[in-house]
Amino acid sequence: MAEQRKVVTAVPENSETPLDSVRSWVTPTRLFFVRNHFDVPALDLAAWRLIVEGRVRTRRAWTWDELMDLPERTIFATVECAGNGRSFLAEPQAGVQWGAGAVGHAEWTGVPLKLVLERSGLEADAVEVLFEGADVGTEPDHPAPMPFQRSLPLAKALHPDTLLATRMNGEVLDPSHGYPLRLFVPGWYGVASVKWLRRIEVVNEPFRGYFQSVKYTVRRRTARGVESEVVGPMMPKSEVIRPRAGEVLGLGGNRLFGAAWAGEDSVSRVEVSTDGGTTWSDATLMGPQAPYSWTLWEYLWEAESPGEHTVLVRATSSRGRVQPAEHDPLHGGYLIHHSRPLCLRVAAGRHAVDHADAAAILYDMNAHAEENMRLPLDVEMEFSAGEGI
Ligand SMILES: Nc1nc2c(c(=O)[nH]1)N[C@H]1C(S)=C(S)[C@@H](COP(=O)(O)O)O[C@H]1N2
Ligand SMILES: [Mo]
């Protein structure tokens, strides 16, 4: 059977990227996780408008064609849901019980939001930009219908990489990923990237809507005590893609393979421990090491003794942020990015997992990705210590 997203809830769709079949730097769109709070709205492009209003000098209602006349840019970026990994928490947390796969890496194309905001002109008292999706629904603790709404501080809204995205992996957005237009906020947890965008409102005070006060907030210890904070930038994290949990390996060389990401930073280092965190060794980073993007890594583990082994992986970002050993209880069911122990058994009678050299793995990944996507990959997968792209 062809690989598919792993469904966590069917209606509305919440489904994971099948991480254990990842073979490419770019996640094919059909496998890219979906996180929907409400039903997918059906939108007709001819009737569709993007309203820009609020604390602006000129209110505007953009048609699709008008928007398409503006210059575009393309960036590669990893998106992770802030609740990814929730099902692994020792202390159960309410919400979608995600495994490891509410994450993916894609190519995003669109008009920088800044250009659209500049066409309207911001008033001097503007502090945030509010985004509204065309999807409307209720939550158990919010029985009145509401649209999906989130805001961004001005600095992130005006960053040239923050896009009104029209394409994902080179193609028109799929309905489940926000057709026809979504906000795309690279380096931030997925919740910031509002899908099915229909209205932008520039506001002069911080927005306190449901999805950033009741949900998608964490607590943080500050000088003033414990304060609530809206979920924003993504934390450094790594994931083992192969072998899978519970797999039985052989004595000798076994290849571990995975991905690591660090939000707005690039990944500068990935370390692996095969003895539960006592000793650590550097993994080999493969392909681009770019801001916003995940970096694939591999580690050749020479397993010397049979039995149970606890494998841990730890990512470090280009700005020196390190993946923690434990989940911060103040984060509740969000920002789950600690090194999660992976138990692997080594059996004497087994053959070690056959390993190819990194160049061959990359060649294989590219070939597989090109086969799976209608467009060939337009990125060079270079095997180097790399400057990024
Ligand atoms: N309009 C709207 N935008 C939304 C959501 C939503 O339910 N409605 N979910 C958010 C969340 S929590 C995430 S993680 C991302 C997921 O994007 P994807 O489904 O394209 O992977 O979309 C965000 N944007
Ligand atoms: Mo999310």
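Not measured: the values here are computed from a predicted model.

**What to know about the sheet that holds strand E2 (residues 14–16)**
Line of reasoning, step 1. If you trace the three strands from one edge of the open sheet to the other, you get E1-E2-E3, paired in antiparallel fashion. On the outer flanks of this sheet lie strand E1 (6–9) and strand E3 (34–35), each paired with one strand and no other.
Line of reasoning, step 2. In the sheet, E1 pairs with E2 via three bridges, with the strands oriented antiparallel. Bridging across to E2, Val-7 finds its partner in Ser-15.

**Some details on the site of ligand 1**
Line of reasoning, step 1. Neighbouring ligand 1 are 19 residues; Phe-33, Asp-135, His-177, Arg-182 and Lys-195 lie closest to it.
Line of reasoning, step 2. One of the backbone nitrogen or oxygen atoms of Phe-33 is found 2.6 Å away from an oxygen atom of ligand 1.
Line of reasoning, step 3. The separation between a nitrogen atom of ligand 1 and a polar main-chain atom of Ser-193 is 3.0 Å.
Line of reasoning, step 4. If ligand 1 stood free it would expose 530 Å²; the protein chains cover 100% of that surface.

**Here we look at the side chain of Thr-217**
Line of reasoning, step 1. Topologically, Thr-217 is positioned in strand E14 (residues 217–222).
Line of reasoning, step 2. For Thr-217, the residues in contact, after removing those within four places along its chain, are Gln-212, Ser-228, Glu-229, Val-230, Val-231 and Tyr-334.

**Details of the domain arrangement of the protein**
Line of reasoning, step 1. Entries for the protein in the domain assignment read domain 1 (6–230) and domain 2 (237–374).
Line of reasoning, step 2. On a C-alpha basis, the centres of domain 1 and domain 2 stand 28 Å from each other.
Line of reasoning, step 3. Counting residues at the interface gives 43 residues for domain 1 and 32 residues for domain 2.
Line of reasoning, step 4. Buried area between domain 1 and domain 2, summed over both chains or domains, comes out near 3,400 Å², and the portion from carbon and sulfur atoms is 59%.
Line of reasoning, step 5. Among the residues of domain 1 in contact with domain 2, Asp-20, Arg-23 and Trp-25 are the three that bury the most area, contributing 20% of the side total.
Line of reasoning, step 6. Taken together, the links from domain 1 to domain 2 amount to three salt bridges.
Line of reasoning, step 7. Put simply, Arg-244 and Asp-20 hold a salt bridge, and the shortest N to O gap is 3.1 Å.
Line of reasoning, step 8. For the interface between domain 1 and domain 2, the tally reads 17 residue pairs in polar contact (both at pLDDT 80 or more).

**Details of the pairing of strand E13 (residues 197–203)**
Line of reasoning, step 1. Most of E13 is tucked away, with five of its seven residues classed as buried.
Line of reasoning, step 2. Direction of pairing for strand E4 (residues 50–54) relative to E13: parallel, over a ladder of four bridges. Directly across from Val-52, in E13, lies its bridge partner Ile-200.

**Considering the nonpolar core**
Line of reasoning, step 1. Ranked by internal contacts, the top residues of the largest apolar core, which has 56 residues, are Leu-50, Phe-131, Leu-164, Leu-183, Leu-197, Ile-200 and Val-231.
Line of reasoning, step 2. Listed by contribution, the elements that provide at least two residues to this core are E4, helix H1 (64–68), strand E7 (103–112), helix H2 (113–120), strand E8 (128–139), strand E9 (142–153), E13 and strand E18 (252–261).
Line of reasoning, step 3. Looking at which element gives the most residues to this core, the answer is H2, with four residues.
Line of reasoning, step 4. In terms of domain composition, this core takes at least three residues from each of domain 1 (6–230) and domain 2 (237–374).
Line of reasoning, step 5. Residues in contact with Leu-183, not counting those within four places in the same chain, are Leu-113, Phe-131, Leu-152, Thr-162, Leu-163, Leu-164, Ala-192, Ser-193, Val-194 and Leu-197.
Line of reasoning, step 6. Of all hydrophobic cores here, the second largest spans 20 residues; its members include Leu-256, Val-270, Val-311 and Leu-344.

Calculation rules
Residues numbered from 1 in each chain as written. Chains lettered and ligands numbered in written order. Predicted model: local features only at pLDDT ≥ 70, side-chain atom pairs only at ≥ 80, totals over all residues. Heavy atoms only, no water. Pairing = 2+ DSSP bridges. Helix = DSSP H or I, 4+ residues; strand = E, 2+ residues; numbered from the N terminus. Near = heavy atom within 4 Å. Polar contact = N/O pair within 3.5 Å; in protein donor to acceptor, adjacent residues only side chain to side chain. Areas by Shrake-Rupley, 256 points an atom, 1.4 Å probe, with all protein chains shown as cover. Contact = heavy atoms within 4.5 Å. Domains from an automatic or database assignment. Buried area = accessible area lost by both parts, 1.4 Å probe. Salt bridge = Lys/Arg side-chain N within 4 Å of Asp/Glu carboxyl O. Buried < 20%, exposed > 50% of the residue type's maximum accessible area, 1.4 Å probe, protein only. Core = buried A, V, L, I, M, F, W, Y, C linked by side-chain atoms within 4.5 Å.

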